[in-house]
Amino acid sequence: MTGLLTTSGQEFLDWSAPYRLFSRDRLPLPEIFSVIRRAVLAALPPQAPLTVAIDDSLLRKTGRRIPGVAWRRDPLGPHFQTNFVWAQRVLQFSAAVPLSESASRLVPIRFLHAPTAAKPSRQATPEQRADYHRAARLTRLPLLAVQQVVGLRGELDADPGGARRPLLCVVDGGYTNGTFFKHLPPRTTLIGRIRKDARLYAPPEPAAASPARGRPRRYGATAPTPEQVRTDDSIPWTSLEVSVSGAPHSVRVKSLRPVLWRTAGLGHTLQLIVIAPLSYRLRQGSKQLYRQPAFLICTDAELDLRSVVQAFVQRWGIEVNFREQKTLLGVGQAQVRHPAAVESVPALQVAAYAMLQLACLHTLDGPGKADQLPPPRWAPEDRPVRFSTQRALNQLRAEVWGRGLGLTNFSDFASRYTPAVTSEKFLPDLASAVLCAAN
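Predicted model, so just to flag it, every value in this text is computed and none were measured.

(A) Seen up close, the pairing of strand β6 (residues 188–193). In terms of burial, β6 is a largely internal element, five of the six residues being buried. Sheet topology note: the strand β5 (residues 167–170)/β6 ladder contains four bridges and is parallel. Paired with Leu167 across the strands is Thr188, a residue of β6. Where β6 lies against strand β14 (residues 294–298), three bridges are found, and the strand directions are antiparallel. Note on β14: the bridge partner recorded for Arg193 is Leu296.

This is how it looks when you write it as structure tokens:
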């Protein structure tokens, strides 16, 4: 907060109002993110599904008295050593927005502070321990995520024509469980990773489903596990072409449909998708290595394979969102201690990041325009497919500072000319120096 006030030149003014903005819970965060969600829907075709990636992350903290902060398992730690970090847990939803080059960019449309229940002391009463276990069940990430999915589905139904738009949720293995499956709202499809040894079943035969005597069977014969499907030569591989950051890539997949899974219950008839390991080389001419195969489950047994694999590939964009929010915007670095500020400060930063992404999609992505800052000298001559977030920040900073400097054109710096006398010294242009230092 102090850095934001200093950057805007308000360090000598009364700073109580900006602090009260967050500590008094005056930010309408649901309404702010609803504006972003409607802008994302406006960029999609009328009947196209809304593809949303769901994931959680940690915001590291240093203060010991920050509400909702606790010791948590470090996801970046090595596999052979469990490390813990003092951090705040958050949950984010990012929606895919298509670009002109058959690529997509994920824009955050939901951000939620997801603290865990405080563990009682050893002298706690049995009632306090029972309350703790009850609160711990209610703060599970899959339960919080599916509650947000239900709310998002309701908001889509309330929008004009939104009830006919499917909702496609892409998650990792931590959310592919019974809590998420059994609370999934209607007209919502879930794509998630599944264990390679998951026990699947075929649908029951009609005679077994309605026998003359006895209880009807709900599950049929045991189906092969995902790993058995991958190694079964009788099931052929299918080659698909998916887009990764605008570039086409060929992948080999297998599918098995329809199948049932006791974890998902009888309300979902699933399809299993197996993605073959992708080969890669650490350097040119080195030994060819292979990545691990991916096993996906989808609640829509009729959804085509390419749509499932393409949505799963797009999920990586939420990891890019987390990295840019933490490194470029400093999400989580504000050491606020009020409970309302702990929740609202990072959420407002994520909302600003989402609006910056939407502004880039509307104005900067595509053919170059004359009012853009020129790229640095060390940048490659060919323009990248995506307008990076760092360039967008430089562009925004130049436009904000340009108003104060009286600039109206950002396509070039001050006029360059060759002096008549080589020993002549002249002062550099102030606006050019400021914008060059910012870029």
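(B) Representation of the packing of aromatic side chains. Per the stated rule, a full pass over the model turns up four aromatic pairs. Where Tyr175 meets Phe180, the ring centres are 6.4 Å apart and the plane angle is 85°; that geometry is what we call edge-to-face. As far as burial versus exposure is concerned, Tyr175 and Phe180 are alike and both buried. Pairing Phe181 with Trp261 gives two aromatic rings, centres 5.8 Å apart and planes at 85°, and the pair type is edge-to-face. With Phe181 in helix α6 (residues 178–182) and Trp261 in the loop between β10 (247–259) and β11 (270–275), this pair connects stretches of sequence that are 80 residues apart.

(C) Quick peek at the pattern of salt bridges. Enumeration according to the criterion identifies 11 salt bridges in this entry. Linking Glu319 and Arg315 is a salt bridge whose minimum nitrogen-to-oxygen distance equals 3.4 Å. Linked through salt bridges whose partners overlap, the residues forming this network are Arg37, Arg110, Glu155 and Asp159.

(D) Summary view of the nonpolar core. Core analysis: the largest hydrophobic core is formed by 70 residues, its most contacted members being Leu50, Val52, Ile54 and Phe180. Here this core takes nine residues from helix α11 (residues 339–364), the largest share from any one element. Contacts of Val52, omitting those with residues within four sequence positions, involve Phe93, Ser94, Ala95, Ile109, Leu152, Leu167, Leu168, Cys169 and Val170. Counting 18 residues, the second-largest nonpolar core is a separate cluster that includes Ile191, Ile275, Val309 and Ala311.

About the thresholds
Residues numbered from 1 in each chain as written. Predicted model: local features only at pLDDT ≥ 70, side-chain atom pairs only at ≥ 80, totals over all residues. Heavy atoms only, no water. Buried < 20%, exposed > 50% of the residue type's maximum accessible area, 1.4 Å probe, protein only. Helix = DSSP H or I, 4+ residues; strand = E, 2+ residues; numbered from the N terminus. Pairing = 2+ DSSP bridges. Phe/Tyr/Trp six-rings, centres within 6.5 Å; stacked < 30°, edge-to-face > 60°. Salt bridge = Lys/Arg side-chain N within 4 Å of Asp/Glu carboxyl O. Core = buried A, V, L, I, M, F, W, Y, C linked by side-chain atoms within 4.5 Å. Contact = heavy atoms within 4.5 Å.

The values reported here are purely geometric and, on their own, carry no functional implication.
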